[in-house]
Amino acid sequence: MIKTEKILHLKSHRGRKVRVVREHYLRERVPCYSSLCQADCENDGKVLPGDLTHYVVPDVGVVVDFLEILEFRELQGVVFTQTACQAVQHCKGRRQYNRLRNLIKDPRHDCVLFANEFQEYSYCPREKGESQEKWQTRCVYSAAVWYHNHLAGMKDVVMITEDQDAVAEYSSLNAGVYVISVQDFLQNFWPELQPAHELYSSISQALQEKESESDVGIYNRNRAVHGDTVVVELLPKSEWRGKVTALSEGEEKSGEDNESKPMPTGRVVGILQRNWRDYVVTFPPRDGTQSQSRNSQRILAVPWDRRIPKIRISTQQADALQDHRVVVRIDSWESTSLYPNGHSVRVLGRAGEMETEVQTILIENCIHVPPFSDAQLREMPVNSPEKPWRMDPVQVAERRDLRETHLVFSIDPRGCEDVDDTLSVRSIAGGKLLELGVHIADVTHFVAEGSLTDLEASTTYYLADRRYDMLPAVLSADLCSLLGGVDRYAMSVMWELDAQTLAVNKVWYGRTVIRSSYQLHYELAQALLNGEPAEVPELARLEPEEKDAKLAELNQALETLTHVARHLRAQRDRGGALELEGVEVRAQLDEQRNITALVPRQPLEVHETVAECMIYANHWVARKIQETFPHQALLRRHPPPRQEFFNQLVESAKAMGFTIDTRTNKALADSLDRAVDPQDPLVNKMLRMMATTAMSQALYFSTGLESQDQFYHYGLALDRYTHFTSPIRRYADIVVHRLLTAAIAVERGADSGRAIASNKELEELAQHINSKNRAAQRAQKLSTVLFQCLYFKERDPQTDPQCVADAIVYSIRNNGLLVYIPEYGVKGPVYLKNREGQVVAAGEDGSCEWQSGSLRHYSDRISTTSSCGTSTFRLCDHITVRISVRSTSSHADSLNLEIISNKPHRSAEPQQPHSQGRSQLVQEVVRQAEEAQQQAQEKAARRPKLSREEREFSQSKTPNLYSLLEEVRELALMDLDTAARVCVTSAS
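- Going by what an unreviewed UniProt entry lists, the chain is known as DIS3-like exonuclease 1 and is assigned to Sparus aurata.
- In its Catalytic activity (unreviewed entry) section, UniProt records this for the chain: "Exonucleolytic cleavage in the 3'- to 5'-direction to yield nucleoside 5'-phosphates."
- The chain has a UniProt comment under Subcellular location (unreviewed entry) that states "Cytoplasm".

This is how it looks when you write it as structure tokens:
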């Protein structure tokens, strides 16, 4: 080992130049990570294959500017130098540096990291007066020469660079070491890799324009992009800007009433960390203002995210990309430029098409969902007709076998494939005790810690029309899924409860073997609980006597489970658990993936029954792992909301005549329970939705980071909580399963296997999971909005009755209302004053029109005055709105709500008694369904081709008895006139 010195010239925070001398140690043996090595280097980990024609050493400029090209898997034998990696960290920031590190670690890519600055014979001290760029190029070339000599000339080494001076200087110095440009490298070695050629052209054009900008920069933003970490200087109060109280984000508002107290305003004076990512932009139609060179055009592309400035792109395909969504990356933003420079990465498709918009949502939320790699699939067990998967007898012997002793069943949404959880309940000890069991898929048996599948897992992404699974289908939909009638591994929590008081006598945790007897869906389970006639598929082929006995056994289990769940809920209610309200909408699609309906989720008691059992299991597992590992457990906490977030809820409730106490979760829950209007059940729903909006977000954390009083879950009123019950869908649950397994091993005095992650490692993992979860929630919300817009986009709002709906006012704003449309689960703004200064005026029949006038705003109402008189809109008023779509080629579409009447939306027919009306509705629905089925059969006779669902799953698309009953049930929950209107609309 040789000791030398590195001299660094740095600047202090005050701008003073500082000379720093650091010790630097050189070693003769540094790992080369080549399979051809004959010098006995300690090459741990992946190594470069020996059957390649050459190795590639990119210089600093190539790694910094052309990393996307180096990410192509076709490029093999790439040696990244320590010099280049440090330059990426210094020039591009932590995000790009981490991306490079992940590329090097990825076993799917044939690339390694060579620590050239610690190798005695490749290290190059910087000479006096030598520029940093020249020194870095010399270091990389020296590393390439060392590699060639170290391998005894058995492998040619190609150094690629964009520095033509370096090509001229080094290309002929050493035989076997070639120095060429990136373009020559691609043309000579990879002429068939067309995407890499196109990417090279795009990046090169963007880099060439760095010197050609002459626009004036935006002063206060100072070239910062949303997401950057910045330093802000507070401006004098005279320069503060007024806060605009808007009905919705991104809208300019008019009127003097909009302005309120000025908000503190500042300007960016420094950027600590660039957090540039992939952005989706739209190429606008040509307007003649774009600059054009001989071979390319410079286009100002408009980002989908309104918070991002326009990005200047150089391209030769501007005409072909008009009105298309394109993924771009920002390369630079010069101090003299109004806009950043970037290059295109790939084209998503034409703006407005459903698949393009879905992919846009994923990319804008940094969600990457590639197919599972071959390496990941090779880790999976095999289960095929030729080679069916079977349980390991050793595993079965080590587990508690519940297959013959417990009635296990699942309750999930209809058509669910990834069944995470099952339940069991039985009477023991002569009826004195109840045994409640929650059995969760044992994913950790199949997903080893540190495996590729484990490293890639984050969460399952649910969108309105699809989902992207966290695990390959052989696990998520098969071997881990607790399907009915098959043997499966499980992780179980089982409680012995007193049959009378339901107090816990004993809790057992462990691995089990189960066989689910029934795979129920929510509606079927609720029908059984209600005593309604229902067909259980698993009992369909049994003799009547045996069928009745098993059905009675299942009914008894469901009733007992419901009784236990009610008790558990009452316990949490006494502690202050909140019953909040959200908006959940499901898009119904036909065979061509056209949206046929938007269906708000209808709550059932069985939903809460299953939820209470899962909450109970999560709570007890949290207790177990936290008591065993006080400083290394992954829990989930829900901090109390800030009191100012409740202002809208408190003021709205006060205007309705209710008092909301927000001092504690118990006081809030009791206040919401009392805030009930017997004449309008939607009032309480609105208040609970406002309470939900005020909530802070629940977060995963490591117990070593917070004191125990911070573990509390505000919404659930539990002192400890975690996620254990969905390991197929959430990575946090996999971590908790491993902690529980280790805790069980500690309790038994056995070896827990791998070491438990430290508090620091677990907290970093928790932050990563929180980030992924936030992205998944944003994507799901945007996907719902997208499908709501697609549903209304092809409809004429002036003539289509589906575009007219009843809405309830839940908030008053300075220039309008916020309303909720129960029929579609839509929330949005209704403006009462437009940009021309006109206000909404209501006539004697309730119809509304725009007229000149004024507007006055109060806490509980808003009034407009015009030549027609005064119109007043109050909280909880029902009004009629017209729904249309506000389209834009560059950004996401949004719904536009326009008031057309200050009266509730009703059909022209008079109301009839409920019994008679529902009877007529049933007859009408049955008649429509029979006609639709007849038409479908005639159509099928003309076109015998079957759909994919019919071919693979024998799943019929024509109306069946269940869909009939479902439609009747949903219509029965509406008022008669609305239901009748839905019938008429569906008939059309």
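**A closer look at the overall build of the chain**
- Scanning the chain from terminus to terminus reveals 25 helices and 39 strands.
- Looking at the chain as a whole, 48% of its 988 residues are labelled buried.
- When contacts within the chain are restricted to residue pairs at least 6 apart in sequence, long-range pairs at least 24 apart make up 66% of them.
- Of the roughly 49600 Å² that the chain leaves accessible, carbon and sulfur atoms contribute 48%.

**A few points about the pattern of salt bridges**
- Tallied over the entire structure, the rule returns 46 salt bridges.
- In this structure, the salt-bridge partner of R729 is D420, at a minimum N-O distance of 2.5 Å. Taken together, the residues R729 in the loop between β30 (699-702) and α20 (731-748) and D420 in the loop between β19 (408-412) and β20 (421-428) connect sequence positions 309 residues apart.
- A salt bridge links R688 to D673; its shortest N-O distance comes to 2.8 Å. One end of the pair, R688, is in helix α19 (residues 682-694); the other, D673, is in helix α18 (residues 665-674), with 15 residues separating them in the sequence.
- The buried category is assigned to R688, whose relative accessible area is 6%.
- Taken together, the salt bridges that share partners define one network made up of D401, R403, E404, D487 and R515.

**Structural notes on the side chain of R466**
- As for its position among the elements, R466 is in the loop between β22 (461-462) and β23 (467-468).
- In terms of polar contacts, R466 uses its side chain to reach the side chain of Y468, at 3.3 Å.

**Considerations on the sheet that holds strand β36 (residues 861-866)**
- Spatially, 4 strands are ordered β34-β35-β36-β37 in an open sheet, and the strand pairing comes out antiparallel. Only two strands of the sheet have a single neighbouring strand rather than two, namely β34 (838-842) and β37 (869-874). Each neighbouring strand pair of the sheet contributes to a mean axis angle of 50 degrees, computed without reference to strand direction.

**Overview of helix α14 (residues 522-529)**
- α14 sits mainly inside the fold: 6 of its 8 residues count as buried.
- For α14, every residue scored as buried is listed here: Y522, L524, A525, Q526, A527 and L528.
- Residues of α14 that are buried make contact with β19, β26 (518-521), α15 (544-575) and α16 (605-628).
- Just past α14, the residue G531 takes up positive phi, approximately 75 degrees.

**Section: the environment of I756**
- With respect to the secondary-structure elements, I756 resides in the loop between α20 and α21 (759-793).
- Sequence spacing of I756 and L739 is 17 residues, and the spatial spacing of their C-alpha atoms is 7.6 Å.
- Apart from the residues lying within four places of it in its own chain, the contact partners of I756 are F629, Q632, L739 and A742.

**A look at a negative patch on the surface**
- A contiguous patch of negative charge on the surface is contributed by E543, E545, E546 and D548.
- Residue placement: D548 occurs in helix α15.

**Here's the deal with unusual backbone geometry**
- One non-glycine residue with positive phi stands out, namely A152, at about 60 degrees.
- For A152, the position within the fold is in the loop between α5 (132-150) and β6 (156-161).

**Section: a nonpolar patch on the surface**
- Residues V231, V269 and L272 make up a contiguous nonpolar surface patch of roughly 260 Å² in combined accessible area.
- Relative to the helices and strands, V231 is located in strand β8 (residues 229-234).

**Details of the nonpolar core**
- Of all hydrophobic cores here, the largest spans 87 residues; its most connected members are F409, I411, W495, L520, L634 and F724.
- Ignoring anything within four residues of it in the chain, the contact list for F409 reads T422, L423, S516, Y518, L520, L554, A557, L558 and L561.

**Details of the environment of H24**
- Considering the arrangement of structural elements, one finds H24 in strand β2 (residues 17-26).
- Residue classification places H24 among the buried residues on the basis of a relative accessible area of 5%.

**Details of the sheet that holds β20**
- With mixed pairing, the 7 strands of this open sheet are ordered in space as β18-β25-β24-β21-β20-β19-β26. Where the open sheet ends on each side, the last strands, each with one partner, are β18 (400-401) and β26.
- With 2 bridges joining them, β18 and strand β25 (residues 504-515) adopt parallel strand pairing. Paired with D401 across the strands is V513, a residue of β25.
- Packing of α15 onto the sheet brings it into contact with β19, β20, β21 (433-441), β24 (487-498) and β26, and relative to β19 it is tilted by some 65 degrees.
- Contacts from α16 reach β19, β20, β21, β24 and β25 within the one sheet, and its direction differs from that of β25 by about 105 degrees.

**Let's talk about the pairing of strand β29 (residues 634-637)**
- Residue alternation in β29 divides its side chains into two sets, L634 and R636 and L635 and R637, and both sets are buried.
- Sheet topology note: the β29/β30 ladder contains 4 bridges and is antiparallel. Paired with R636 across the two strands is Y700, which belongs to β30.

**Side note on the packing of aromatic side chains**
- Overall, the coordinates contain 16 aromatic pairs when judged by the stated rule.
- Between W389 and F446, the aromatic rings sit 5.8 Å apart at their centres with planes inclined by 55 degrees, giving tilted as the arrangement. Pair noted here: W389 is in the loop between α10 (374-378) and α11 (393-398) and F446 is in the loop between β21 and α12 (452-456), with a separation of 57 residues, a long-range link.
- We classify W389 as buried; its relative accessible area is 18%.
- Taking relative accessible area as the criterion, F446 reaches 12% and is therefore assigned buried.
- On the basis of an interplanar angle of 70 degrees and a centroid distance of 6.1 Å, the ring pair of Y616 and W620 is categorised as edge-to-face.

**With respect to the pairing of β24**
- In terms of burial, β24 is largely enclosed, as 9 of its 12 residues are buried.
- Bridging between β24 and β25 involves 11 bridges; their strand directions are antiparallel. Its bridge partner lying in β25, S492 is registered against G510.

**Concerning the side chain of T725**
- For T725, the location among the structural elements is in the loop between β30 and α20.
- The residues touching T725, leaving out its near neighbours within four places in the chain, are D420, D421, I440, M614, A617, N618, R730 and D733.

**Focus on the packing of α14 against α16**
- The contact between α14 and α16 brings their axes to 8 Å, and the two run at 105 degrees. In terms of orientation, α14 lies roughly perpendicular with respect to α16. Across the interface between the two elements, Y522, A525, Q526 and L529 of α14 pack against E605, V606, H607 and V610 of α16.
- Split into classes, the residues belonging to the contact of α14 with α16 amount to 5 nonpolar, 2 polar and 1 charged.

**Overview of the confidence of the model for the chain**
- In this model, the chain carries a mean pLDDT of 82, and residues with pLDDT of at least 70 account for 83%.
- Between residues 210-217, whose pLDDT stays under 50, and residues either more than four places distant or in other chains, the model counts 20 contacts.
- Here residues 907-930 scores under 50 on pLDDT; set against residues more than four positions off or in separate chains, the count is 29 contacts.

**Thoughts on the environment of V269**
- One can find V269 in strand β11 (residues 266-273).
- Along the chain, V269 and V232 lie 37 residues apart, while their C-alpha atoms are 5.6 Å from each other.

Cut-offs and rules
- Residues numbered from 1 in each chain as written.
- Predicted model: local features only at pLDDT ≥ 70, side-chain atom pairs only at ≥ 80, totals over all residues.
- Heavy atoms only, no water.
- UniProt positions renumbered as here; feature names shortened; annotations may be inferred.
- Helix = DSSP H or I, 4+ residues; strand = E, 2+ residues; numbered from the N terminus.
- Buried < 20%, exposed > 50% of the residue type's maximum accessible area, 1.4 Å probe, protein only.
- Contact = heavy atoms within 4.5 Å.
- Areas by Shrake-Rupley, 256 points an atom, 1.4 Å probe, with all protein chains shown as cover.
- Salt bridge = Lys/Arg side-chain N within 4 Å of Asp/Glu carboxyl O.
- Polar contact = N/O pair within 3.5 Å; in protein donor to acceptor, adjacent residues only side chain to side chain.
- Pairing = 2+ DSSP bridges.
- Axes fitted to C-alpha atoms, helices over the stretch in contact; angles between N-to-C directions.
- Patch = residues over 30% accessible without salt bridge, like charges linked within 9 Å, V, L, I, M, F, W, Y side chains within 5 Å.
- Lys, Arg positive; Asp, Glu negative; His and termini not counted.
- Charge placed at Lys NZ, Arg CZ, Asp CG, Glu CD.
- Core = buried A, V, L, I, M, F, W, Y, C linked by side-chain atoms within 4.5 Å.
- Phe/Tyr/Trp six-rings, centres within 6.5 Å; stacked < 30°, edge-to-face > 60°.
- Parallel < 35°, antiparallel > 145°, perpendicular 65-115°, else oblique.
- Nonpolar A, V, L, I, M, F, W, Y, C, P; charged D, E, K, R; others polar.
- pLDDT = per-residue confidence, 0-100.

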